[in-house]
Amino acid sequence: MTRQDGNEKDCILRLRGISKQFGAVSALSDIELDVHAGEVVALVGDNGAGKSTLVKVLAGVHQPSAGTIEWCGQKVVLESPSRALELGIATVYQDLALCENLDVVANLFLGQELSPFALDEIQMEVRAWTLLQELSARIPSVREPIAALSGGQRQTVAIARSLLLDPRIIMLDEPTAALGVAQTAEVLNLIERVRDRGHGVILISHNMEDVRAVADRIVVLRLGRNNGVFKADTSQSDLVAAITGATDNSVSRRQARMTASQEA
Amino acid sequence: MTQTDSGKTRQKLDRSDTRLRQDEGMSGALRGFIDRVRSGELGLLPVAIGLLVISTVFSILNPVFLAPNNLVNLLFDASAIGFIALGVVCVLLLGEIDLSVGSMSGLASAMIGVLWVRSGLPMPVAVGGALAAGVAMGLVYALLRNRFGMPSFVATLAGLLALLGAQLYILGPTGSINLPFSSSLVRFGQVMVMPAWLSHLLALLPGAFLLFNGLRKMALRSAANLSHEAASLLILRLFTFTVGLQFAVHYLNLGRGIPWMFALFVLFVMIMHYALTRTKWGRSVYAVGGNPEAARRAGIKVERIRMSAFVLCSMFATAGGIFGAARLASASQQAGTADVNLNAIAAAVIGGTSLFGGRGTAWAALFGILVIQAISNGLTLLNLSSSLRYMITGGVLAIAVIIDSMARQSRANHGRG
C-alpha cells in the first residue's frame, strides 16, 4: 500500500467510512477515498464491486447510509446533483445521461444555460464549438439532436459537458468503453490535460491499460469494500489479484496456461 | 487537414466538418425540409394537409363553411378550448397528461356564475377566485405526482370526477346561471372584434419581427463566425407570411372581424412559445420530457418543473372555462363536460405535440384547435347530430395519434430520437 493520507493541504475530497445499503444488500461498506488536486485516481473493481454506486454517491444521486464526506477540509452533505455541481464535482455517467430529443448545444448547457430569460443561443453555440474543438471532437453539427450521434460522439458530448463549469474534480465512469482507438487516446490526453490544470480526476475503468497509462493511484474496490491502493507501475497480475481477491484466479490461470503452451 | 484556399471565405465554425452537407440558399432549405419530413420530423405538415382537406370537403358540402362570418364564429369558438389546449401542451411536453381539464374549465365557469352573478362579487374577484382554484388544483396534481409518485393519468382521472362533483355542488339544484349580456365579459366572449385598421396593422407585426430578428441573428451569427440563413430565404418567408396574414385578416374583416378573444389566445400562444423555446424553464421542460433522469442529474429541479407545468395547465383550463362561459353567456352543469376534455387534448396532439413527451410547440395548441373546431363547425353546418360528430372527431384523433406514433418510429429509424 502507498500513501492514502497524503498531504493535508491539497486534499480536495476525503471519504471516510462511506456505506450504502439498498435494502438488505450492502453496495458499499466502509469506503475510504482521498482525491488530491492534480492527480488521477483510478477506481477499479469487478462487476458489482460498487464503483458506480460510489460515483453516484459523490455525484449526489444517492445518499450514503453512513460515513462522512469532506470537501476541502469541510464536512458536506451532497443532497442533490445540483449541490455536487455547485461544489465542483462534475460527473460523466456511464449511461451518459443526455437528452436525446435536444441538440448538442442544449445538452452541453443543460441546467447551466446562458441568460435564463432570453437564452443566448449564439454564445452557447460558439462556446460549444470551442469546447468540442479543444477535445478535438468529430461532431458534424451541434444543432442535430443527440439521437443522431454515434456512441463515441455522445461520449465526447458528455465529457465536454462535464468540463463546461470548470470543476475541481471530474469523475469519469467508463469513459473509453465505447470509443475508437483515436478517441480513446484523445480522452486519455484530455484527462492528463485536466490533471495538469490542477483538477482532481476520478477515473473508473475496466481497461487496465488505460488505467495504468494515466492514473497516479489505483484504488481497488471488491464487493463494496476497499481492497488496496496501488501505484501506476504495479504489475497487471497484482492488480488483477486485488480485483478478484485471489492470486489464483481465472486471469492468472489463463496466463499460466498461455505461458505453458508457449514454452512447450 | 489544412485550409489553404485563401480565395474562399474563412471556414465557418459550424460548417468545418467535411461530412456535413452544405445546405445553402433556397434549394438547400428545400432539401433540408424534405429530409426532415422523410425522417419523421413532420412539423406542421399534417395540420396544413388536414385543414386543406377539411375546408375542401366541407365547402363542397356546404358553401357557408368558408363564409367570412362562419370563420369568425369558428375563431370565437376555438379560443376558449384553445386556452385549454395550450395548457395541455405544457403537461404533454413532460410526458404527463391532465385528463381533468374539461372538468376544471367547467368548475371555473360555475365559479364565475356563483361568485359573480349569484353572490354579486365584482367580476375581477370572481375571475381571480376561479384562477386561484386552478392554481390550487395544479398544485394538488403536482403533489400527487411528485410526493406519491402517482401517475398523472390516474391522479387527473380522479380529479376529473372530483371537479365535476364540485361544479355540480356549487351550481346547486337550479343547475344553470345566466351571465348578464351587457357585461364586458360576455361582450368579450361574443361580440367584441378588432377594428379593421388595427387588425391589419397588427398583422404586419409578425413580419416586422421576423425581419428584425432575422437580420439581427444574421449579423450576430456572422460576427461569431457561424453560418446563417440566406437573406433571400428570410425575405421569401417574410413576404409569403405577411401576404398570407394580410389576406386572412382582410377576409375575416369582410365578416364581423377578428375576435379580441382570439387575439388574446394568439398572444398567449406567442408568450408560451417564447417561454418554451427561449428560456431556461422551457429548455428544462423539454429536457424533463426527453429524459427525466438526465435532467435531474444536470441539476434541474424536476419536481418544480412538473409543478409549474401542472399549475399552468390547470390555470389555462380555468381561463378556457371562463371564456367558454363568456361565449355561452351562462354557467351550466353541461359546461366543460362531454367532448371539451378530449377536444383540448386532441388539439394538442393533432398540432404535433407528442404523447410521449419532449416534443411539440405552443403553436400546436393553435393549429390543433383550428383543425378540431373546423371539423366540429363543419359537421354542425351539415346538421349532423352530436352522436356522429363525436364518432368523426374520435376518428380524427385516432389518426393523429397514429401519425404521431409512426413519425416517432421513423425518427428512431433515422436517428432523430
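Each chain has its residues counted from 1, following the order in which its sequence is written. Ligands are numbered from 1 and chains lettered from A, in the order in which they are written. Under the rules for a predicted model, residues below a pLDDT of 70 receive no local features and side-chain atom pairs below 80 are neither given nor counted, while totals for whole chains, interfaces and linings still include all residues. Excluded from the side-chain calculation are hydrogens and water; included are all heavy atoms of the structure.

**Details of the overall build of chain B**
Just so we agree on the cut-off: Only DSSP runs of H or I with at least four residues qualify as helices, and only runs of E with at least two residues qualify as strands; both kinds are numbered from the N terminus onward. Computation of the radius of gyration draws on C-alpha atoms, with the globule rule given as 2.2 Å multiplied by the number of residues to the power 0.38. Burial here depends on accessible area, computed with a 1.4 Å probe over protein chains only, as a share of the maximum for the residue type. Under 20% is buried, over 50% is exposed, and the range in between is partly exposed. By definition, residues are in contact when any of their heavy atoms lie within 4.5 Å. Each accessible area value is a Shrake-Rupley result obtained with a 1.4 Å probe; residue values ignore everything except the protein chains displayed when judging cover. Charged-residue counts in this description rest on Lys and Arg as positive and Asp and Glu as negative, His and the chain ends being excluded. Working definition for charges: the position is that of NZ of Lys, CZ of Arg, CG of Asp or CD of Glu.
When helices and strands are counted, chain B shows 16 helices and two strands. The C-alpha radius of gyration computed for chain B amounts to 23 Å, which stays within 12% of the reference 22 Å derived for 417 residues, consistent with globular compactness. Counting every position in chain B, which comprises 417 residues, the buried fraction comes to 48%. A separation threshold of at least 6 residues defines the contact pool for chain B, and within that pool the share at least 24 residues apart is 79%. Put simply, chain B shows about 19,500 Å² of open surface, and 69% of that area lies on carbon and sulfur atoms. Between the averaged position of the 32 positive side-chain charges in chain B and that of its 15 negative side-chain charges there is a distance of 5 Å.

**A few points about the domain arrangement of chain B**
Note on interface size: it is often stated as the accessible area lost on association of the parts. Residue and element names in this part refer to chain B. Condition: Residue ranges assigned to each domain were obtained from an automatic or database domain assignment. Buried area is calculated as the accessible area (1.4 Å probe) missing from two parts once they are joined, with the contributions of both summed. Should a side-chain nitrogen of Lys or Arg be within 4 Å of a carboxyl oxygen of Asp or Glu, the pair is scored as a salt bridge. Polar contacts, as used here, are pairs of N or O atoms within 3.5 Å; protein pairs need one atom able to donate a hydrogen and one able to accept it. Residues neighboring in sequence count only if both atoms are side-chain atoms. Three classes are used: nonpolar for Ala, Val, Leu, Ile, Met, Phe, Trp, Tyr, Cys and Pro, charged for Asp, Glu, Lys and Arg, and polar for all others, with Gly counted as polar.
Domain annotation for chain B reports domain 1 (45-193 + 256-406) and domain 2 (194-255). Between domain 1 and domain 2, the C-alpha centre-to-centre distance is 28 Å. Domain 1 puts 13 residues into the contact, and the matching count from domain 2 is ten residues. Carbon and sulfur atoms supply 75% of the area that domain 1 and domain 2 bury against each other, a total of about 930 Å² over both sides. Area buried by domain 1 at its contact with domain 2 is led by Pro68, Ile258 and Trp260, which between them contribute 51% of it. Inspection of the domain 1/domain 2 interface yields zero salt bridges. On the surface where domain 1 and domain 2 come into contact, there are four residue pairs in polar contact (both at pLDDT 80 or more). Elements that contribute at least two residues to the side of domain 1 that touches domain 2 include exactly α3 (68-93) and α10 (260-278). Per-element accounting of the side of domain 1 that touches domain 2 gives the leading share, five residues, to α3. Residues belonging to the side of domain 1 that touches domain 2 are distributed by class as follows: ten nonpolar, two polar and one charged.

**Remarks on the interface of chain A and chain B**
In this complex, chain A contributes 37 residues to the contact, which on the side of chain B involves 35 residues. Each partner contributes to the roughly 3,000 Å² buried at the junction of chain A and chain B, and carbon and sulfur atoms together form 58% of this total. Sorting the residues of chain A by area buried against chain B places Asn101(A), Leu119(A) and Ile122(A) first, and these three jointly supply 18% of that buried surface. If you look at where chain A meets chain B, you find three salt bridges. Between Arg221(B) and Glu125(A) there is a salt bridge; the shortest N-O distance is 3.2 Å. The interface formed by chain A and chain B holds ten residue pairs in polar contact (both at pLDDT 80 or more) in total. Secondary structure elements with two or more residues in the side of chain A that touches chain B: α2 (81-87) and α4 (121-134) of chain A. Sorting elements by how many residues they give to the side of chain A that touches chain B places α4(A) first, with seven residues.

**Side note on a nonpolar patch on the surface**
All names here are of chain B. We apply this condition: Patch members must show over 30% relative accessible area and no salt bridge, and they are joined within 9 Å when carrying like charges or within 5 Å when they are nonpolar side chains of Val, Leu, Ile, Met, Phe, Trp or Tyr.
A surface patch of nonpolar side chains, about 690 Å² in accessible area, is lined by Leu30, Phe33, Ile34, Leu45, Ile49, Val53, Val57 and Leu61. Among the secondary structure elements, those contributing two or more residues to the nonpolar patch are α1 (25-38) and α2 (45-61). For the nonpolar patch, the element with the highest residue contribution is α2, accounting for five residues. Relative to the assigned elements, leucine 61 resides in helix α2.

**What to know about the layout of surface pockets**
All names here are of chain B. Worth spelling out the cut-off: Only protein atoms enter the 1 Å grid, on which a cavity is a set of points fitting a 1.4 Å probe that cannot get out and a pocket is an open set with protein on both sides within 12 Å along at least 5 of 7 lines, lining residues being those with an atom within 4 Å of a point. Grid points are joined across faces, edges and corners, and a volume is the space filled by probe spheres set on the points.
Its boundaries defined by the atoms lining it, the second largest pocket holds a volume of some 670 Å³. Surrounding the second largest pocket, 29 residues form its lining, Asp77, Ile81, Leu328, Asp339 and Val340 being those nearest its centre. Of all elements in the fold, only α3, α4 (101-118), α13 (302-328), α14 (340-350), α15 (363-381) and α16 (386-413) reach the threshold of two or more residues within the lining of the second largest pocket. Residue contributions to the lining of the second largest pocket peak at six residues, all from α13. Residues that form the lining of the second largest pocket fall into these classes: ten nonpolar, 15 polar and four charged.

**Focus: the environment of Ala160(A)**
Residue and element names in this part refer to chain A. Here alanine 160 is to be found in helix α5 (residues 151-163). Residues alanine 160 and leucine 131, spaced 29 residues apart in sequence, show a C-alpha to C-alpha distance of 6.5 Å. Excluding anything up to four places from it in sequence, alanine 160 contacts Leu108, Leu131, Leu132 and Leu135.

**Considering the packing of aromatic side chains**
Heads up, the rule is: Each Phe, Tyr or Trp ring, with Trp reduced to its six-membered ring, pairs with another whose centre is within 6.5 Å; inter-plane angles below 30 degrees give stacked pairs, above 60 give edge-to-face pairs, and intermediate values give tilted ones. Put simply, a charge is over a ring when the Lys NZ or the Arg CZ is close to the ring centre, within 6 Å, and near the line of the ring normal, within 35 degrees.
As enumerated under the stated definition, the model contains eleven aromatic pairs over all chains in all. Directly above the ring of Tyr93(A) sits Arg297(B), whose terminal nitrogen or CZ lies 4.0 Å from the centroid.

**Details of the environment of Glu293(B)**
With respect to the helices, strands and loops of the structure, Glu293(B) is situated in helix α12 (residues 292-297). For Glu293(B) and Ile305(B), which are twelve residues apart along the polypeptide, the C-alpha to C-alpha distance reads 13 Å.

**Observations regarding the confidence of the model for chain A**
Residue and element names in this part refer to chain A. In plain terms, the rule: For every residue, the predictor states its confidence as a pLDDT score lying anywhere from 0 to 100.
In this model, chain A carries a mean pLDDT of 85, and residues with pLDDT of at least 70 account for 96%. By mean pLDDT, helix α6 (residues 181-196) is the weakest element of chain A at 80, and helix α3 (residues 104-108) is the strongest at 94. Low pLDDT (under 50) marks residues 1-7, which in the prediction has 17 contacts with non-local residues, meaning those over four places away or in another chain.

**Looking at the pairing of strand β9 (residues 217-222) of chain A**
Residue and element names in this part refer to chain A. Which entries qualify depends on this criterion: A strand pair is defined by DSSP finding two or more bridges across the two strands.
Counting buried residues along β9, five of its six residues qualify, which places the element largely inside the surrounding structure. Pairing of strand β3 (residues 40-44) with β9, which is carried by four bridges, proceeds in the parallel orientation. Bridge pairing in β9 links valine 44 to valine 220. One ladder, built from five bridges, connects β9 with strand β10 (residues 225-231); its direction is antiparallel. By the bridge assignment, leucine 221 is partnered in β10 with asparagine 226. Between the end of β9 and the start of β10, which pair antiparallel, lie two residues, with leucine 223 showing a positive phi angle near 50°.

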